[in-house]
Amino acid sequence: MHDENAIPAPDGTTPDDGAAGTPGEGHSRRTVLRTAGLAGAGIGVGALAGGTAHADAPAAPPATTPDTARAPARQGETMIGVPFQRRSTVRVGIIGLGNRGGAMIDLFLAIPGVRVVALCDPVKEKTAAAAKKVTAAGRPAPATYTKGEDDYDNLCKRGDIDLVYVATPWDSHFAMAKSAMLNGKHVGVECPVAMRLDELWALVDLSERTRRHCMQLENCCYGKNEMRVLRMAHAGKFGELLHGAGAYNHDLRGLMFDPDYYEGPWRRLWHTRLRGDLYPNHGFGPVANYMDVNRGDRVTHISSFGTPALGLAEYREAHMPAGDPSWKETYIGSDRTISLVQTAKGRVIRLEHDVSTPHPYSRVNSLGGTKGVFEDYPPRIYIEPDHTDDKWADFAKYADFDHWLWKEHANPPGGHGGMDYIMVFRLMQTMRLGLVPDFDVYDAATWTAPVPLSHLSIKAKGAPQAIPDFTRGLWKKARPGMDSEKPAA
């Protein structure tokens, strides 16, 4: 869908910012529209750090020092601790019905007290297939929006929607979240929530002004292992926390060159624009929760380093025929990025991203403190006084620390080991019962900030980039988050 806030390539873009080729005839209209404002010369440093300001918020200045990371003036009251309005039924509108949205609709339909009211995707066949799922579940037929790239705005204007769920290519996330909130809807967005710092600030300001929650729907925060480690950390099993690590190491080469899976080249084209970590949320979100980031600690700086960009070009050489549109592309995205994030309490978080080289799937998911350490993939643990033999122990022995959501839903349906269902169930529960959501717009902005900042740091040879305090000082107050209590209701 077309993004009215598409970022034109700024003057002065250097050659090493990359050049995205023009999509060929085999790519969808959606891809062509989405990439029109971005392809050609790439996104320059100015655009990532601030660029042209959007109408709803001033542009954040380039983040290089604490002074330049100062927050713009607050335009509304904080959304920290703001509960949803209680409702018996949650009415949902879904934008984007590709691989992710088309699968997630099954989970919304599986939860009592949820009604899928409206669906939007310019590919009419996908919208029709999703609508058929709704009626097959015995629910009223949803309204459908298929008239072009901007029809999502008409969905957002409906008066009978409580939550808009966005599952579209990354460069459209900001415009859709903006439309949802301006039309009085809460919004949940697949990661990353936006691609630029000024967009992140705009979402924070819009959430505060409209009194609507904007949430990064980070499913990995609801993984069984992640939630067990979270409760163990809060119970003091790791002692004083010192360090953590998270990653998205996932060989996506075949999928990124498959014109059907990603409906064109939109994801691959980001590797022609940015050098840094394009997808930090899966690794960052869980570790931020362990360390109570925005709830007693905050992340202050990020330093990033990247390898040469070789993997996608080598894959293209081996697998793509001459004349394929991908041969017009120049890849600059580091095959592996490694970032070190510092917190106000002196803790260190390591983030990794690698989707361009052969590698078994891993989110790393590690946490260490003064009493021991946990490492995932495979899961293993070593903490004192339980272990004293310098050998990894069986993490399964700590099942008593499982979160109540996993004890209540021992075999959840859906993909990714059930974490998708747990996430949707919990979000719908908080909306129906009028509870505070597990995470908010400040978490969404924080977990996504490494996207632009890692690029800037790599271009500056690892120079630290200041991470803005999106809470505007309210991070100092401890408050609940993912480690929730089971509601009495």
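None of the values given here were measured: they were computed from a predicted structure.

Draft legend 1. Just the pairing of strand β11 (residues 366-369), in detail. Burial of β11 is two-sided: the residues Ser366 and Gly368 facing one way and the residues Leu367 and Gly369 facing the other way are all buried. Across 3 bridges, β11 lies against strand β12 (residues 372-375) in antiparallel orientation. Opposite Gly369, over in β12, you have Gly372 as the bridge partner. Here β11 hands over to β12 after 2 residues, the two strands then running antiparallel side by side.

Draft legend 2. Quick peek at the packing of helix α3 (residues 99-110) against helix α14 (residues 419-433). Packing of α3 against α14 brings their axes to within 10 Å, and their N-to-C directions diverge by 55°. The pairing of α3 with α14 is recorded here as oblique in orientation. Classified by chirality, the crossing of α14 by α3 is right-handed. Residue-level inspection shows Arg100, Met104, Leu107, Phe108 and Ala110 of α3 in contact with α14, the latter providing Asp420, Tyr421, Met423, Val424 and Met428. Per-class residue counts for the contact of α3 with α14 are 8 nonpolar, no polar and 2 charged.

Draft legend 3. Quick peek at the packing of helix α6 (residues 173-182) against helix α7 (residues 197-210). Across the interface, α6 lies against α7 with an axial gap of 10 Å and an inter-helix angle of 10°. Between α6 and α7, the interaxial angle falls into the category roughly parallel. Touching Phe174, Ala177, Lys178, Met181 and Leu182 of α6 are Glu199, Ala202, Leu203, Leu206, Ser207 and Thr210, all from α7. Partitioned by chemical class, the residues of the contact of α6 with α7 number 7 nonpolar, 2 polar and 2 charged.

Draft legend 4. Looking closely at helix α4 (residues 124-136). For α4, spanning 13 residues, the distance from its first C-alpha to its last is 18 Å, which sits close to the expected 18 Å at 1.5 Å a residue. Within the span of α4, buried status applies to Thr127, Ala130, Ala131 and Val134. In a view along the axis of α4, the buried residues occupy a sector of 100°, so they form one face of it. Looking at α4, the residues exposed on the side facing more than 90 degrees away from the buried face are Glu125, Lys132 and Ala136. Those residues of α4 that are buried are in contact with α3, β2 (114-120) and β3 (143-145). One or two steps after α4, the chain reaches Gly138, where phi turns positive at roughly 80°.

Draft legend 5. Structural detail: the sheet that holds β11. The 8 strands lie next to each other as β13-β12-β11-β7-β10-β9-β8-β14, forming an open sheet whose pairing is mixed. Looking at the sheet topology across the chains shown, the edges are occupied by β13 (380-383) and β14 (465-466). As paired strands, β12 and β13 are joined by 4 bridges and run antiparallel to one another. Note that in β13 the partner of Phe374 across the bridge is Ile381.

Draft legend 6. Inspection of the layout of surface pockets at higher detail. Quantified by volume, the largest pocket comes out at close to 870 Å³. If you trace the largest pocket, you find 38 residues lining it, with Asn99, Arg100, Tyr261, Tyr262 and Tyr279 closest to the centre. Counting residues per element, the ones that place at least two in the lining of the largest pocket are α1 (29-35), α3, α10 (266-269) and α14. A breakdown of the residues in the lining of the largest pocket according to their chemical character gives 17 nonpolar, 10 polar and 11 charged. Residue assignment places the lining of the largest pocket across two domains, with domain 1 (90-216) and domain 2 (222-403 + 440-466) each supplying three or more. Put simply, the second largest pocket is a space of about 290 Å³. Contributing to the lining of the second largest pocket are 19 residues, with Arg426, Val436, Pro437, Pro480 and Gly481 lying nearest its centre. In the lining of the second largest pocket, the residues fall into 8 nonpolar, 4 polar and 7 charged.

Draft legend 7. Inspection of the sheet that holds β2 at higher detail. Here 6 strands make up an open sheet; going across it, the order is β3-β2-β1-β4-β5-β6 and the pairing parallel. This sheet does not close on itself; its edge strands, each paired only once, are β3 and β6 (214-216). The mean angle between the axes of side-by-side strands here comes to 25°, regardless of whether they run parallel or antiparallel. The sheet contact formed by β2 and β3 spans 3 bridges and is parallel. Each bridged residue has a counterpart across the sheet, and for Cys120 the counterpart in β3 is Tyr145.

Cut-offs and rules
- Residues numbered from 1 in each chain as written.
- Predicted model: local features only at pLDDT ≥ 70, side-chain atom pairs only at ≥ 80, totals over all residues.
- Heavy atoms only, no water.
- Buried < 20%, exposed > 50% of the residue type's maximum accessible area, 1.4 Å probe, protein only.
- Helix = DSSP H or I, 4+ residues; strand = E, 2+ residues; numbered from the N terminus.
- Pairing = 2+ DSSP bridges.
- Axes fitted to C-alpha atoms, helices over the stretch in contact; angles between N-to-C directions.
- Parallel < 35°, antiparallel > 145°, perpendicular 65-115°, else oblique.
- Left-handed = near helix turned anticlockwise from the far one by under 90°.
- Contact = heavy atoms within 4.5 Å.
- Nonpolar A, V, L, I, M, F, W, Y, C, P; charged D, E, K, R; others polar.
- Expected span 1.5 Å × (residues − 1).
- Arc of directions from axis to C-beta.
- 1 Å grid on protein atoms, 1.4 Å probe; cavity = no way out; pocket = protein on both sides within 12 Å on 5 of 7 lines; lining within 4 Å.
- Points joined across faces, edges and corners; volume = space filled by probe spheres on them.
- Domains from an automatic or database assignment.

Any functional reading would require information that these geometric values do not contain.
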